[in-house]
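Next come the chains, spelled out residue by residue.
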Amino acid sequence: MTDTPDNNTPKPYNWTLQRWRLATIACVILLAVAAATMASMMEQFKAQVSHLQTKLKTTQQIKYVSVLLDDKQRPAMLLSFDLQDAYLQVQRLNDVKEGQEDSMQLWALDSEGRPLSLGVLPTKLKTAQVPVSDKILSQAVGLAISVENKGGVEAGRMPRLPYLYTGALVQKAL
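Described below are features of the structure shown in this document. For clarity, every value in this text was computed on a predicted model and none was experimentally measured.

Thresholds, definitions, all that
Residues numbered from 1 in each chain as written. Predicted model: local features only at pLDDT ≥ 70, side-chain atom pairs only at ≥ 80, totals over all residues. Heavy atoms only, no water. Phe/Tyr/Trp six-rings, centres within 6.5 Å; stacked < 30°, edge-to-face > 60°. Helix = DSSP H or I, 4+ residues; strand = E, 2+ residues; numbered from the N terminus. Buried < 20%, exposed > 50% of the residue type's maximum accessible area, 1.4 Å probe, protein only. 1 Å grid on protein atoms, 1.4 Å probe; cavity = no way out; pocket = protein on both sides within 12 Å on 5 of 7 lines; lining within 4 Å. Points joined across faces, edges and corners; volume = space filled by probe spheres on them. Polar contact = N/O pair within 3.5 Å; in protein donor to acceptor, adjacent residues only side chain to side chain. Contact = heavy atoms within 4.5 Å. Salt bridge = Lys/Arg side-chain N within 4 Å of Asp/Glu carboxyl O. Core = buried A, V, L, I, M, F, W, Y, C linked by side-chain atoms within 4.5 Å. Patch = residues over 30% accessible without salt bridge, like charges linked within 9 Å, V, L, I, M, F, W, Y side chains within 5 Å. Areas by Shrake-Rupley, 256 points an atom, 1.4 Å probe, with all protein chains shown as cover. Pairing = 2+ DSSP bridges.

## Here's the deal with the packing of aromatic side chains
Summed over the entire model, instances satisfying the criterion amount to one aromatic pair. Judged by centre distance (5.9 Å) and plane angle (55 degrees), the rings of tyrosine 64 and phenylalanine 81 are tilted. Of the two residues, tyrosine 64 sits in strand S1 (residues 62-69) while phenylalanine 81 sits in strand S2 (residues 75-82), which places them 17 residues apart along the sequence. With respect to class, tyrosine 64 is no different from phenylalanine 81; both count as buried.

## A word on unusual backbone geometry
The phi angle at glutamine 73 is positive, at roughly 65 degrees, despite the residue not being glycine. Within the secondary structure, glutamine 73 is located in the loop between S1 and S2.

## Concerning empty space enclosed by the protein
If you walk through the whole model with that rule in mind, you get one cavity of 30 Å³ or more. Taken as a whole, the largest cavity holds about 30 Å³ of empty space. The wall of the largest cavity is formed by Met77, Val90, Arg92, Leu121, Pro122, Leu125, Lys126, Thr127 and Ala128. Residue assignment for the lining of the largest cavity shows that the elements contributing at least two residues are strand S3 (87-92) and strand S6 (127-131).

## Regarding the side chain of serine 103
In this structure, serine 103 sits in strand S4 (residues 102-109). For serine 103, the side chain forms a polar contact with the main-chain nitrogen of glycine 151, separated by 2.8 Å. In contact with serine 103, not counting residues within four places along its chain, are Glu98, Val120, Ser146, Val147, Glu148, Asn149, Lys150, Gly151 and Gly152.

## Focus: the pattern of salt bridges
Applying the stated criterion across every chain, the model contains six salt bridges. Two residues, arginine 114 and aspartate 110, come together in a salt bridge whose shortest N-O distance is 2.7 Å.

## Here's the deal with the nonpolar core
In this structure, Met77, Leu88, Leu106, Leu137 and Leu143 are the most contacted members of the largest nonpolar core, which totals 21 residues. Looking at this core, the elements with two or more residues in it are S1, S2, S3, S4 and strand S7 (142-149). Examining the composition of this core, we find that four residues originate from one element, S2, more than from any other. Excluding residues within four positions of it along the chain, leucine 88 makes contact with Leu79, Ser80, Phe81, Leu106, Leu118, Ala128, Gln129, Val130, Val132, Leu137 and Leu143.

## Re the environment of phenylalanine 81
The buried category is assigned to phenylalanine 81, whose relative accessible area is 1%. Taking the C-alpha atoms as reference points, phenylalanine 81 and leucine 137, separated by 56 residues in sequence, lie 8.9 Å from one another. Not counting residues up to four positions away in its chain, the partners in contact with phenylalanine 81 are Gln61, Ile62, Lys63, Tyr64, Ala86, Tyr87, Leu88, Val132, Ser133, Asp134 and Leu137.

## So, a nonpolar patch on the surface
A grouping of Met38, Met42, Phe45 and Val49 is seen on the molecular surface, where their side chains present a nonpolar patch of about 390 Å² in accessible area. Secondary-structure assignment places phenylalanine 45 in helix H1 (residues 15-58).

## Regarding the pairing of S6
Residues Ala128 and Val130 of S6 are buried on one face, while the alternating residues Thr127, Gln129 and Pro131, pointing to the opposite face, are not. Of the strand pairs in this sheet, S3 and S6 are connected by five bridges, and their pairing is antiparallel. Residue valine 90 lies in a different strand from S6, and its bridge partner there is alanine 128.

Purely geometric stuff here, so don't read any function into it on its own.
Shown next, in the form of structure tokens:
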């Protein structure tokens, strides 16, 4: 008998080619998982940024603070300026009330002590908001409150002295 090649014998299985196929499939799966993870992380990041932006918009950003003292150097008024609302928040820290024919008027004092009226405070309120511009407060070094006739002084007139309460205006770092 002679040895003749048999055409019916299968060729040996190519394990090297099979390993490359499996490695390629594994890499494709890993890339798909990485892409999905990255997309999910980006969505979470966007949600966090959006949440923080909303929180920042709703959180007060106090730019100026002042504590007005009475003649015995006791705190009488706490004033804070919220940059977003453009209101000076005035909180009474004592129980002093105006008389029926009096008003408390708020003044901004510049570096030379010249007063600029910021308005009359509402009577008998523990806290009040006075509309003020940032530009006016940026030029002031102090705040004061005087007792005036009902309704406050006319525009351009000086306050009655001495001031009832005075204090420095502090610009806070934001």
